[in-house]
Amino acid sequence: LKRRMEGGLRQRKTGAAAAARGAPYASGAQRNEETDGDPSKSRRSPETYIGFGTAFVVIFAFRALSAWVNPIADCDETFNYWEPMHFLQYGYGMQTWEYSPTYALRSYLYLMPTLATGIALQLLGLPKRLIFFGVRVGLGAASAAADAFFASSVADKFGPTVQRATVVALAVSAGCFNAGASLLPQTFARELITTSFSAWFAGYDALAIVSMGTAALVGWPFCVLVGGGMGLEILWRRGLLWTAFAGVTALVAILVPLVTVDSYFYGKLVVAPLNIAEYNSRVKEGDKGGTLYGVEPWDYFFRNLALNFNILLPLALLVPVLYAFAWALPSSKGGVPLKGGVPRVGAVALPFFLWFGLMSALPHKEERFMYICYPLLCLLGSIGLYLAGYVAAYFATCVCCNTEANRRTLGGVFLHAGLTLSALLSASRCIAMVQNYAAPLRAYTTVSDVFSDPRNFNNNKAAPAHVCVGKEWYRFPSHYLLEHPKLRLAYLKSGFGGQLPQPFLEVEGGVL
């Protein structure tokens with residue numbers, strides 16, 4: 001009896017010390033050992049975290065695959081970003097009305113990092129089609145790095161089990177597969193918001209503020225709403241003076257290059273974030289503003305996210321219910337076995353729920369509007385899966401074998417089964433997208449080869465040759481896939497009555 005009491009006392013001391021160091025469970029039980037009250041029994045080794053390097057390699061493998069095979073799902077990506085970038089690099093491309101100096105809604109600064117990558121690959125002698133895919137691989141690497149940083153911070157705040165599940169969700173989910181290598185401001189904002197939350201979790205408040213500010217000013221102005229709670233917490237903890245100084249410093253550091261670059265290309269003073277915010281806020285009669293391109297029903301994002309994240313979506317939405325249910329179980333008298341507890345779960349759940357509700361309330365909806373919350377959704381879905389496994393294991397062991405070791409084992413089985421099911425459903429979705437919608441990527445890569453054959457065309461003429469796509473202009477991926485310098489996109493008038501993209505005024509050898 002004395003040995004058993006001493007063993008229990010040592011276990012409680014070990015738990016308290018682990019809690020002081022930041023244990024993976026709120027009860028202070030990073031259990032290096034499972035004894036069932038008997039110190040003579042064999043002990044369990046501690047759960048391990050996934051390091052930044054491992055997480056990056058795993059996530060990047062899927063992002064690189066997406067860069068090579070995933071179709072461009074949004075014609076905005078082609079005509080608002082790939083085509084202006086092609087114009088800056090090669091001197092010709094298609095221009096949308098958003099790039100007209102009259103509106104000046106898009107920032108050229110956003111294109112500078114990818115343009116620098118494209119020029120570097122061009123200097124290496126790569127053809128345009130490989131530059132296109134190389135830039136996409138670079139975009140995938142950037143998103144993988146941001147997600148790996150996020151996974152590292154999740155390990156510190158929520159424990160190894162939730163972290164490993166989050167890495168799997170970030171790597172294999174169809175939503176992240178689609179968004180990870182796209183050239184869209186929402187993807188850019190997603191990476192920086194992910195970095196901002198990671199820095200906030202790790203205590204790097206200045207980096208969190210700069211990342212959130214860059215996401216809003218250079219990427220997508222509306223995403224700043226996601227960081228509202230973070231900003232209030234930093235204000236409460238750091239004080240008004242420090243927070244104001246950090247915010248103003250970040251604002252100036254971001255606005256100076258932004259305004260300089262955009263004013264140079266537009267030929268007048270331009271603050272693009274203000275222009276796009278003002279345009280989308282128009283509600284005057286006869287001016288549709290943000291609803292110009294359609295209105296979707298309120299449940300659009302429920303259906304879209306269910307396709308892209310399958311079981312992770314309902315699990316994420318049910319996290320508050322699952323947490324309350326787990327807390328009410330008799331086995332949770334010492335607290336729900338989830339590191340971080342309510343404050344940390346709330347810090348992740350509130351931004352996601354607020355953004356999800358706000359986007360669902362807007363009349364105009366697009367899949368990319370939710371990109372910025374994909375990492376939060378993956379984390380919440382992993383927490384929900386972990387809690388669901390904890391609850392299910394409790395009721396399963398109520399029938400027989402009612403020990404903590406058995407509950408932990410069954411909870412792990414439930415977690416791995418859920419992740420496997422989610423991965424299989426995501427793989428099905430990704431394969432369907434590539435199989436059914438990637439034809440333009442394959443078709444346009446062969447056009448230049450056919451055109452270069454003198455048996456098919458007299459390509460010695462000085463005038464450009466038109467690649468006519470009829471009325472399917474929205475399926476065109478980019479002039480980067482029309483390798484021959486004489487090939488230009490052209491289309492026919494159809495039933496669409498809106499303003500279609502028009503060619504930029506050509507500049508020999510490129511603008512830069």
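Residues numbered from 1 in each chain as written. Predicted model: local features only at pLDDT ≥ 70, side-chain atom pairs only at ≥ 80, totals over all residues. Heavy atoms only, no water.

Chemist: Explain the overall build of the chain here, please?
Modeler: Each helix and strand in the chain was counted, giving 19 helices and four strands. Per-residue burial over the chain gives 50% buried out of 512 residues. For the chain, the proportion of contacts with a sequence separation of at least 24, taken over those separated by at least 6, is 75%. As presented, the chain carries roughly 23,800 Å² of accessible surface, and 66% of it is formed by carbon and sulfur atoms. (Helix = DSSP H or I, 4+ residues; strand = E, 2+ residues; numbered from the N terminus. Buried < 20%, exposed > 50% of the residue type's maximum accessible area, 1.4 Å probe, protein only. Contact = heavy atoms within 4.5 Å. Areas by Shrake-Rupley, 256 points an atom, 1.4 Å probe, with all protein chains shown as cover.)

Chemist: Would you take a moment to explain a nonpolar patch on the surface for this structure?
Modeler: A surface patch of nonpolar side chains, amounting to about 400 Å² of accessible area, comprises Trp 68, Leu 124, Leu 126 and Leu 130. In this structure, Trp 68 sits in helix H2 (residues 52-69). With relative accessibility at 45%, the residue Trp 68 sits in the partly exposed group. (Patch = residues over 30% accessible without salt bridge, like charges linked within 9 Å, V, L, I, M, F, W, Y side chains within 5 Å. Salt bridge = Lys/Arg side-chain N within 4 Å of Asp/Glu carboxyl O.)

Chemist: For this particular structure, what's the right way to read the packing of helix H15 (residues 319-328) against helix H16 (residues 341-361)?
Modeler: The axes of two packed helices give the description: the angle between them and the distance between them. Interhelical geometry of H15 versus H16 gives an angle of 160° and a closest axis separation of 11 Å. Accordingly, the angle class assigned to the pair H15 and H16 is roughly antiparallel. For H15 against H16, the interelement crossing comes out left-handed. Between H15 and H16, the residues in contact are Val 319, Pro 320 and Tyr 323 and Gly 341, Val 342, Val 345 and Phe 353, respectively. Looking at the contact of H15 with H16 residue by residue, the class counts come to six nonpolar, one polar and no charged. (Axes fitted to C-alpha atoms, helices over the stretch in contact; angles between N-to-C directions. Parallel < 35°, antiparallel > 145°, perpendicular 65-115°, else oblique. Left-handed = near helix turned anticlockwise from the far one by under 90°. Nonpolar A, V, L, I, M, F, W, Y, C, P; charged D, E, K, R; others polar.)

Chemist: Help me out: how do you make sense of empty space enclosed by the protein in this one?
Modeler: If you roll a probe as big as a water molecule over the atoms, it shows you where there is empty space left. Tallied over the full model, the rule gives four cavities of 30 Å³ or more. Of the voids in this model, the largest cavity is the one considered here, and its volume is about 120 Å³. Together, 14 residues line the largest cavity, and Leu 105, Arg 106, Ser 107, Val 218 and Gly 219 are the ones closest to its centre. Where the lining of the largest cavity is concerned, the elements lending two or more residues are helix H9 (205-219) and helix H12 (272-280). Here the residues of the lining of the largest cavity sort into 11 nonpolar, two polar and one charged. (1 Å grid on protein atoms, 1.4 Å probe; cavity = no way out; pocket = protein on both sides within 12 Å on 5 of 7 lines; lining within 4 Å. Points joined across faces, edges and corners; volume = space filled by probe spheres on them.)

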